[in-house]
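Listed here are the chains, written in short residue letters.
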Amino acid sequence: MRYEGMVYRPPSEARSLIIQLTIGCARNKCTFCSMYKEKRFRVRKIQEVIEDLHEARRAYGPHIRRIFLADGDALVVKTEELLAVLEEAYRLFPKLQRVTAYGAPLDVLGKTHEELVSLRRAGLFMVYIGAESGDDQVLKAVKKGATAAQIEEACLKLKAAGIQVSVTLISGLGGPERMKEHAMESARLISGIKPEYVSILTLMLEPGTPLYEEHRAGKFRLLNPDEVAEEMLLFLSNVDSEGSVFRSNHASNYICLGGMLNAERDCMIEQIKRARKAGQYKPEGFRGL
Ligand code: SF4
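Description of the structure in this document. Model, not experiment: these values are computed from the prediction.

Criteria and thresholds
- Once a new chain begins, its residue numbering starts again from 1 and follows that chain's sequence as written.
- Side-chain atom pairs in this predicted model are given and counted only at pLDDT of 80 or more, local residue features only at pLDDT of at least 70, and totals for whole chains, interfaces and linings cover all residues.
- Think of the side-chain values as coming from all heavy atoms in the structure, minus any hydrogens and water.
- The way it works is a 1 Å grid over only the protein atoms, where trapped points that fit a 1.4 Å probe form a cavity and open points with protein on both sides within 12 Å along at least five of seven lines form a pocket, and then any residue with an atom within 4 Å of a point lines it.
- Grid points are joined across faces, edges and corners, and a volume is the space filled by probe spheres set on the points.
- What counts as a helix is a DSSP run of H or I of at least four residues, what counts as a strand is a run of E of at least two, and both are numbered from the N terminus.
- Basically, the charged four are Asp, Glu, Lys and Arg, the nonpolar ten are Ala, Val, Leu, Ile, Met, Phe, Trp, Tyr, Cys and Pro, and anything else, Gly included, counts as polar.
- By convention in these notes, a residue is near a molecule or strand provided one of its non-hydrogen atoms lies within 4 Å of it.
- By salt bridge we mean one thing: a side-chain nitrogen of Lys or Arg within 4 Å of a carboxyl oxygen of Asp or Glu.
- Exposed residues in this analysis have more than 50% of their type's maximum accessible area, buried residues have under 20%, and partly exposed residues fall in between, with area computed by a 1.4 Å probe over protein chains only.
- Directions drawn from the helix axis to the C-beta atoms are what define this arc.
- The contact criterion used is simple: two residues touch if any of their non-hydrogen atoms lie within 4.5 Å.
- We define a nonpolar core as any set of buried Ala, Val, Leu, Ile, Met, Phe, Trp, Tyr and Cys residues linked to one another through side-chain atoms lying within 4.5 Å.
- Here a pair means two rings of Phe, Tyr or Trp (six-membered ring of Trp) with centres within 6.5 Å. Their orientation is stacked below 30 degrees between planes, edge-to-face above 60, and tilted elsewhere.
- A fitted line through C-alpha atoms serves as each axis, taken over the contacting stretch for helices, and the angle formed by two N-to-C directions is quoted from 0 to 180°.
- By the definition adopted for this analysis, an angle is roughly parallel if under 35 degrees, roughly antiparallel if over 145, roughly perpendicular if from 65 to 115, and oblique otherwise.

### Notes on empty space enclosed by the protein
All told, the structure shown has two cavities of 30 Å³ or more when counted by the stated rule. Space inside the largest cavity adds up to approximately 70 Å³. Forming the walls of the largest cavity are Leu 169, Ile 170, Ser 171, His 182, Ala 183, Ser 186, Ile 200, Glu 231, Met 232 and Phe 235. Within the residue set of the lining of the largest cavity, elements represented by two or more residues are β7 (164-171), α7 (179-193) and α9 (225-238). Residue composition of the lining of the largest cavity, by class: six nonpolar, three polar and one charged. As for the second largest cavity, its lining consists of Thr 202, Val 228, Ala 229, Met 232, Ser 248, Asn 253, Tyr 254, Ile 255, Leu 257 and Ile 272. The biggest single contributor to the lining of the second largest cavity is α9, with three residues. Of the residues belonging to the lining of the second largest cavity, the class tally is seven nonpolar, three polar and no charged.

What follows is the structure, encoded as structure tokens:
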């Protein structure tokens with residue numbers, strides 16, 4: 001496999017074969033994100049991607065069970081090309097159980113229901129959507145390039161086609177000024193989608209990003225651990241997403257949580273309250289992205 005630059009994948013794809021379908025992110029404008037800043041976006045030639053699949057087959061035999069299509073937003077690729085990659089992947093790896101990818105909301109909305117159904121039938125199992133927030137003011141401030149309504153519509157469109165959805169939010173993204181709205185609107189967004197998975201990271205600033213510079217200039221403040229706990233309590237107390245697996249067990253989180261919504265929501269709320277009372281948060285030095 002020929003990898004270009006740093007390759008990112010969701011934590012749950014740690015055991016997956018990663019194949020770069022695109023290089024970088026087509027938008028690359030989010031003010032908090034440093035992932036693909038050094039890459040100039042392009043869609044790889046499909047023949048190259050298929051050659052990588054063949055190389056993986058030679059290296060690992062037929063044993064691959066999971067493939068993650070990197071980089072930032074595989075769904076920007078034309079449907080017929082995606083179908084060709086999926087078809088070859090399942091042909092080369094008969095034990096393959098799932099193919100997943102990051103997807104940008106507007107790219108999902110750019111595909112018809114029929115196209116998404118054909119991708120599901122070809123084996124696109126789940127799409128990871130970085131919603132980051134349900135609050136339009138926060139989304140606009142961080143230049144996400146999609147509104148909460150568009151994110152919700154995209155996720156529902158994926159679900160209607162039978163493709164699972166994993167949504168990520170970022171705690172602290174609204175700073176103290178939008179903390180309440182960020183939590184409440186994110187709860188509303190997730191309640192509207194009811195994704196299979198929802199996870200919350202906690203904002204960490206990375207040098208080189210516009211948000212880092214805003215912070216240095218005193219224009220943006222990070223939440224402290226008590227405020228992050230309060231924001232999480234607000235979110236969990238207001239979310240109604242029966243059947244979603246909830247996780248905030250990322251290296252960036254101050255409190256590690258995991259459980260089913262809505263069944264284990266009260267238990268997670270109690271965990272946060274206990275941690276807050278005892279000041280039991282992950283030390284800064286142990287946090288990471
Ligand atoms: S957060 Fe996602 S959409 Fe935004 S710049 Fe980073 S990879 Fe691209």
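We are not done yet, so read on.
### A word on the site of the ligand
In the vicinity of the ligand, the residues found are Cys 25, Asn 28, Lys 29, Cys 30, Phe 32, Cys 33, Met 35, Tyr 36, Glu 132 and Lys 144. Its residues placed into classes, the shell around the ligand shows six nonpolar, one polar and three charged.

### Considering the pattern of salt bridges
Should the charged atoms of two oppositely charged side chains come close, the side chains can pair. Under the counting rule described, the total for this entry stands at 15 salt bridges. A salt bridge links Asp 71 to Lys 39; the shortest N-O distance between them is 2.9 Å. Of the two residues, Asp 71 is situated in the loop between β4 (66-70) and α2 (79-92) and Lys 39 in the loop between β2 (22-23) and β3 (42-43); the sequence distance between them amounts to 32 residues. For the pair formed by Asp 71 and Lys 39, the shared burial category is buried. Notably, a salt bridge pairs Arg 221 with Glu 227, separated by 2.9 Å at the nearest N-O pair. On the basis of relative accessibility, which here comes to 15%, the residue Glu 227 falls in the buried class.

### As for helix α4 (residues 113-121)
Think of an α-helix as turning once every 3.6 residues; residues three or four places apart then point the same way. Along α4, the residues that are buried comprise Leu 116, Val 117 and Leu 119. One face of α4 carries all of its buried residues, which in axial projection span an arc of 160 degrees. For α4, the exposed residues set more than 90 degrees away from the buried face come down to Glu 114 and Arg 121. Packing partners of the buried residues in α4 comprise α2, α3 (105-109), β6 (124-132) and α6 (148-160). A positive phi of about 115 degrees marks Gly 123, the residue just after α4.

### A short note on the nonpolar core
Counting residues in hydrophobic clusters, the biggest one holds 70 residues, and the most contacted among them are Ile 67, Leu 69, Phe 235, Leu 236 and Phe 246. With residues near it in sequence (within four places) discarded, Phe 235 still touches Leu 169, Ala 183, Ser 186, Ala 187, Ile 190, Ile 200 and Phe 246. Counting residues in each nonpolar core, the second largest holds eleven residues, with Cys 33, Leu 173, Leu 211 and Phe 220 among its members.

### A word on the packing of aromatic side chains
When we look at a pair of aromatic rings, we describe it by the centre distance and by the angle of the planes. Enumeration over the complete set of coordinates arrives at six aromatic pairs. Centroid distance Phe 68 to Tyr 128: 6.0 Å. Interplanar angle 70 degrees. Geometry classified as edge-to-face. Here the residue Phe 68 occupies a position in strand β4, and Tyr 128 occupies one in strand β6, the gap between them amounting to 60 residues. We note that Phe 68, like Tyr 128, is buried. Between the aromatic rings of Tyr 254 and Tyr 281, the centroid separation amounts to 6.3 Å while the plane-to-plane angle is 70 degrees, which identifies the pairing as edge-to-face. You can see Tyr 254 sitting in the loop between β9 (245-248) and β10 (257-260) and its partner Tyr 281 sitting in the segment after α10 (265-278), a full 27 residues away along the chain.

### Regarding the environment of Leu 116
Position of Leu 116 relative to the elements: it lies in helix α4. By relative accessible area, Leu 116 is classed as buried at 0%. Between the C-alpha atom of Leu 116 and that of Gly 162, which follows or precedes it by 46 residues, the distance is 8.4 Å. Ignoring anything within four residues of it in the chain, the contact list for Leu 116 reads Val 108, Lys 111, Lys 157, Leu 158, Ala 161 and Ile 163.

### Some details on the packing of α2 against α4
Between α2 and α4, the shortest axis-to-axis distance is 10 Å and the interhelical angle comes to 10 degrees. Considered as vectors, α2 and α4 are oriented roughly parallel to each other. Listed contacts from α4 to Thr 79, Leu 82, Leu 83 and Leu 86 of α2 are Glu 115, Ser 118 and Leu 119.

### As for the environment of Ala 275
Tracing the chain through its elements places Ala 275 in helix α10. Through-space distance from the C-alpha of Ala 275 to that of Tyr 254 is 9.5 Å; in sequence the pair is 21 residues apart. With residues up to four places along the chain from it excluded, the contact list for Ala 275 reads Ile 255, Gln 280 and Tyr 281.

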